[in-house]
Structure formats: structure tokens, C-alpha cells
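Tertiary structure, described
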Amino acid sequence: MANAVVCLAPHTDAHWRSVKGHLVSDMANPLKGEVIKLYKTLLYLGREYPQGAAYFRERLKSAFMKNKDVTDPEKIKKLVARGDFVIKELEALYFLRKYRAMKKRYCEPEK
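Presented here is an overview of the structure given in this document. Just so it is clear, the model here is predicted, and its values are computed rather than measured.

Calculation notes
- Residues numbered from 1 in each chain as written.
- Predicted model: local features only at pLDDT ≥ 70, side-chain atom pairs only at ≥ 80, totals over all residues.
- Heavy atoms only, no water.
- Helix = DSSP H or I, 4+ residues; strand = E, 2+ residues; numbered from the N terminus.
- Contact = heavy atoms within 4.5 Å.
- Areas by Shrake-Rupley, 256 points an atom, 1.4 Å probe, with all protein chains shown as cover.
- Expected span 1.5 Å × (residues − 1).
- Buried < 20%, exposed > 50% of the residue type's maximum accessible area, 1.4 Å probe, protein only.
- Patch = residues over 30% accessible without salt bridge, like charges linked within 9 Å, V, L, I, M, F, W, Y side chains within 5 Å.
- Salt bridge = Lys/Arg side-chain N within 4 Å of Asp/Glu carboxyl O.
- Axes fitted to C-alpha atoms, helices over the stretch in contact; angles between N-to-C directions.
- Parallel < 35°, antiparallel > 145°, perpendicular 65-115°, else oblique.
- Left-handed = near helix turned anticlockwise from the far one by under 90°.
- Phe/Tyr/Trp six-rings, centres within 6.5 Å; stacked < 30°, edge-to-face > 60°.

Below, the discussion takes up the overall build of the protein. If you tally the helices and strands in the protein, you get three helices and two strands. For the protein, the succession of helices and strands along the chain, N to C, is β-β-α-α-α. Residue pairs in contact within the protein that sit at least 24 positions apart in sequence constitute 53% of those at least 6 positions apart. On the protein, roughly 9900 Å² of surface is accessible, and the fraction owed to carbon and sulfur atoms is 59%.

Between its first and last C-alpha, helix α3 (residues 73-106) extends 49 Å over 34 residues, near the 50 Å set by a 1.5 Å rise per residue. By the burial criterion, the buried members of α3 are I76, V80, G83, I87, L90 and Y94. Those residues of α3 that are buried are in contact with α1 (32-45) and α2 (53-66).

Taken together, the side chains of F95, L96 and Y99 define a hydrophobic patch exposed on the protein surface, amounting to about 340 Å² of accessible area. When you line up the elements, L96 lands in helix α3. With relative accessibility at 36%, the residue L96 sits in the partly exposed group.

This part is about the packing of α1 against α3. The geometry of α1 relative to α3 is characterised by a closest axis approach of 10 Å and an angle of 20° between their N-to-C directions. Relative to α3, the element α1 is oriented roughly parallel. Crossing angle aside, the handedness with which α1 passes α3 is left-handed. Contact with α1, carried on its side by E34, V35, L38, T41, L42 and L45, involves I76, L79, V80, G83, D84, V86, I87, L90, E91 and Y94 of α3 and no other residues of that element.

Before going further, it helps to spend a moment on the packing of aromatic side chains. This structure, assessed with the given rule, holds three aromatic pairs. A centroid spacing of 6.2 Å and a plane angle of 15° characterise the contact between Y49 and Y55, whose relative ring orientation is stacked. Here Y49 falls in the partly exposed class, since its relative accessible area comes to 25%. Using a relative accessible area of 32% as the deciding quantity, one classes Y55 as partly exposed. For the pair Y49 and F56, a centre-to-centre distance of 5.1 Å together with 45° between the ring planes defines the contact as tilted. Note on F56: relative accessible area 10%, which makes it buried.

What follows is the structure, encoded as C-alpha cells:
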């Protein structure tokens with residue numbers, strides 16, 4: 001029975017993926033989903049970036065690639081928290097831009 005594999009969780013394709021012919025559990029790094037969600041959210045928000053979506057996408061990719069080898073869960077949590085802060089800053093930037101456009105459109109100019 002040395003070759004037997006014990007699986008405590010039910011086998012579903014959502015929890016397993018193939019890496020170089022070996023089945024690897026996605027549960028090995030539970031923060032992976034958070035990182036992917038963060039990347040997708042930032043990529044979505046970058047569409048309206050003032051310097052252009054292509055510029056934002058390049059910067060986003062380089063920032064994530066710079067930290068791709070981080071394996072310490074505490075460090076990953078700090079990086080995700082920093083990404084959440086960037087999301088809030090982008091949302092504030094976009095809100096302020098919309099507010100200024102509305103104010104310019106409907107308010108009388110001050111003399």
C-alpha cells in the first residue's frame with residue numbers, strides 16, 4: 001500500500017490541475033484565488049486609466065511578475081492588501097474625475 005493515495009476531500013476537477021503530467025491540488029496555495037481576483041479587478045479598473053489602458057496593463061503585469069516568486073503567505077497577504085489599497089485609490093480617482101466633469105457641466109463658473 002505504499003503507492004496508495006489518500007484523498008480526504010472529494011475529487012473534483014475544480015480542486016486538481018495537471019502540472020507536467022502530475023496532479024497538483026489547487027488547495028496547496030489558498031491565496032492563489034485572491035491574487036487572481038485582484039489581478040482581474042485591477043485589469044478591469046485599468047480600462048479607464050488616464051494614461052491609457054495599455055500603459056496600465058504593462059505596469060500591472062510588471063508589478064505582478066516582479067512578485068511572482070513570493071511564496072511566504074504573510075508577504076502575499078501584504079501584497080494583496082496593497083493591491084486592495086490601489087483599487088480604492090483608482091475608484092477615488094475615477095469618482096473625482098466624474099464629479100469634476102459633472103460640476104463643470106452643470107455649475108456656473110465662479111468669478
